[in-house]
Amino acid sequence: MAEKERGGLDRMLVRITHLDRLLNLVGEVIITSNSIATTNRRIQEYYDRGATLDKMSIDMIKVVEESSSRISGDLHSLVMDIRMVEIKGTFQRFRRPVRDMAKEAGKNVELITFGEETLVDKTISEKLYDPINHQVRNAIDHGIEDPLERQRMGKPAIATLTLKAYQLENFIFLEISDDGRGMDPDVIRKHAVDRGLIGSDDAQKLPNEEILKFIYHPGFSTKTYASEISGRGVGMDVVKNNIEELGGEVMISSIVGEGTKFTYKIPQVTAVNILDCLTVRAGKNLYAIPILNVVSTLLVNVAKTNLAFDKGRTITYLGSIITLYDLNELLGEKPLETSDEVTVVIVEAKNGRIALIVSELLTPEKLVYTPLEKIFKVQGISGVTMMGANKMGLIIDVVELINRSKGIAVGEAVDEREALIRKSLESASREEPLVEPIIKKEDEEDQQEADAEKGKVLSSDIGREISHREEFLMELEEMINSAGENVLSLERNPADNELINKSFRDFHSIKGNLMMVGLTELGAFIHDIEGIMDRAREGAISLDSNIIDILLDATDTLKDARLSLIKNQAPVISADLIRSLAKYKKPVEKKTAEFVDVHQRTFRLGPLAQFNLLARRHSGQFIYQLYLSFQPQYQQPFLVALLILRRLTRIGHIFGSVPSIEEIESQNIGSQIKLMFSSNLDEGKVRAWIEKYLVKNYDVTEYEIIKTG
Amino acid sequence: MSIDFTGKTALVVDDYHSMRVALKELLLSYNLRIIEAQNGLEGLEIIRKKKPDMVFTDIVMPVMDGLELCQEIKSDPELLNIPVVVLSTHSDAAYILKAIHNGADDYLPKPIEPGLLTKVLSRITDG
């Protein structure tokens, strides 16, 4: 729900090249299915004749088999590629919060990102937001010192918070580091002992990096204790759980006085329901064990296993003792027939390592699996899959299986964890309430009044009905993010011309797109924002912190507006914002609003005769005086005047005293043209031409033509 | 909506897909065949290769903007007769002026009024 609120739509943009690849594959599927049909017919013929299959037929079958297996492989990797997004989007979502949190905490923090181009699965990128957010908040609230303290320590006044991503083999690494005060293992050690989490002797023996891990312990620290241990304990267990849900782990390193670094290591494959599995048979049942969890497979002579007290049989593997279980028995099925030699699969997860007896090892496979619905949930099984020859197989959840081996039930633990996650989300979502208060119909008016009191203006338009609304909203999100990003960069480099231009273009495009779908009120507001950037571009104003705040508020307004539009509600524009914006608007000099922009942009036309009319100029034998009156419905009159003049150059040459734009304006003849032109066409033809081409299409209401020579 | 452009092609140039879709939908009702480009440069290449019957372009775009595109089309004797319509908002009169200066044949303010679109289509194709 919270993800939906933030991310908006359950959709993603797909690169055209990917679609092209997909189309190619579809082509290949068609070809392959055709050749299956051909092969089938051929086999049928042979069968009908009672003949033995020839080599050709066998080869054909082979070719079909090979190409279908290649196509499915290609399809899989394509789907994985399509789901990949740059981590950039996730990183950028922190620019604004970091700025605001730092400001609020009275600290000076710069966010630096590396490896933004790292590709991660879309689902992973979404699930990373909460844990990162949590740690960024902790780092700013507690890890990073205030400017005075940093000065005392001889550290640079501006603290650095770094987000870094990279891929190594099949793992995504994500580092969140700060150059703050670091965590003191001795403080954590003492606290762990105080809370009875570990005996004081044991605590002394544990190395520092192990001690740091105590901050993951649920409820390890309280808020009052937080500052003493740099506050890293608050909700850290939730962070750890979130990452573990992705099949990953969190590592910590910290140096007192220098800073702390958290590293997430996340397997790249977990998000999609395609798993690399080792398939095994146990009695009549087929199981798939995720390859990630498989340590080794071996043949074990039962006579050589150890019978440990109270633990059943164990085997020794690379020097460590591992308990041996019958897979079927562990899952509550009929135990396997015993024999002297058994096949064993050693599996491992974060909660331990066990050895499983199976009947037979089958081939490793890539399997598409369906997660089991909660009500069908069996502890130790995460989903079902189809294995070769249409047999149903069960996917083993190794974590749960190991818990099962230890006699631990899942239910309670899960509930407790969910409650914690919920709690942490609630506290982390001050600005983004998880549950929107539902306003009942009869309360709506009150709400509007309340909004008005809070200085809000409800705009009335929700835009036109458009069929591609969701895509529009998605592109809008991209544009808003880019705009926000550029404004934050401008805050650091307010005089960077290229940035100013970029930012101008951002707001210009946003305005255009809003207008295009009929969101004219919001568009007009953004037009004013664009106007500020335009004035900055001209050097008329410099981007001080007041203006940056306005620009940031404008991007916030846009973000909220986008969320409102998703819910089909009219966007809200703050009256305060409009008021503070008014100060920076260029004073309107001209009487008619329509022409204001021409002057705001200091784009002045000389006499129309000098305007490039792309003339097919004629110097004609007849000279005419022309008077035209027109009433365009949707276009500005003086622009239509230009279009008409251009049109006229097709039959003649305009000359004499042609009014300039200023003249058109000052004489308030925005919808009138008076001019002279020469043409080779006689009067009748000129009239016919005007009737045919001008009257209907340019809304000409009246015209008069006088031949003067 | 009396005009039928069956057999005619319009090129739509805009850096945002949703904007291209919006215009495309309107143009399809005139039975125009639509081709798309994401910026002026891509548009120009397509115009040279496919010689569309008309061009609709956004103004502010990366790589090559609509103003430059107008200039390129109108300074090429082979392309000069292809009508170009620029899309803009009412508030951007200065851009439209520039575009007309650079040779644009007409303009459509956003949001596009279907009535005006019909009028503009007949203006640019009536000879």
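One can find the structure itself at the top, above this paragraph.
What you see is a predicted model, and the numbers here were worked out from it, not measured in a lab.

S.K.: How should I be thinking about the sheet that holds strand 6 (residues 249–255) of chain A in this particular structure?
M.R.: Consider a sheet: its strands pair through backbone hydrogen bonds, and that pairing is either parallel or antiparallel. All names here are of chain A. Across the sheet, five strands lie side by side as 2-4-5-7-6; this open sheet has mixed pairing. If you trace the sheet from one side to the other, it starts and ends with strand 2 (109–114) and strand 6, each paired once. When the angles between neighbouring strand axes are averaged without regard to direction, this sheet yields 15 degrees. Here seven bridges tie strand 6 to strand 7 (residues 259–267), and the two strands are oriented antiparallel to one another. In the strand pairing of strand 7, S254 is matched with T260. Against the sheet, helix 6 (residues 122–143) touches strand 2, strand 4 (159–168), strand 5 (171–178) and strand 7, its axis set at about 20 degrees to strand 5.

S.K.: Sorry if this is basic, but what is going on with the nonpolar core here?
M.R.: Within soluble globular proteins, side chains that are nonpolar generally end up buried alongside one another. L639(A), I644(A), F56(B), V85(B), V86(B), I96(B) and A99(B) are the most contacted members of the largest nonpolar core, which has 93 residues in total. Counting residues per element, this core draws most heavily on helix 23 (residues 637–648) of chain A, at nine residues. Both of domain 4 (441–586) and domain 5 (600–707) of chain A provide at least three residues apiece to this core. Sequence-distant contacts of L639(A), that is, excluding residues within four places in its chain, are made with A93(B), I96(B), I100(B) and Y107(B). Judged by nonpolar contacts, the second largest core, of 39 residues, contains V120(A), V136(A), L161(A) and I215(A).

S.K.: Please clarify how the environment of G248(A) should be interpreted in this entry.
M.R.: Tracing the backbone shows G248(A) in the loop between helix 12 (236–245) and strand 6. Between the C-alpha atoms of G248(A) and I266(A), which are 18 residues apart in sequence, the distance is 4.1 Å.

S.K.: Before we go on, may I ask you to explain the environment of D560(A) in this structure?
M.R.: Residues and elements named next belong to chain A. Turning to its location among the elements, D560 is positioned in helix 20 (residues 545–566). Accessibility expressed as a C-beta count within 10 Å gives 14 for D560, which makes it partly exposed. Between the alpha carbons of D560 and I573 there is a distance of 9.2 Å; along the sequence they are 13 residues apart. Not counting chain neighbours up to four residues away, the residues in contact with D560 comprise P571 and V572.

About the criteria used
Residues numbered from 1 in each chain as written. Chains lettered and ligands numbered in written order. Predicted model: local features only at pLDDT ≥ 70, side-chain atom pairs only at ≥ 80, totals over all residues. Pairing = 2+ DSSP bridges. Helix = DSSP H or I, 4+ residues; strand = E, 2+ residues; numbered from the N terminus. Axes fitted to C-alpha atoms, helices over the stretch in contact; angles between N-to-C directions. Contact = placed C-beta atoms within 7 Å. Core = buried A, V, L, I, M, F, W, Y, C linked by C-beta atoms within 7 Å. Buried ≥ 20, exposed ≤ 12 C-beta atoms within 10 Å, placed from the backbone. Domains from an automatic or database assignment.

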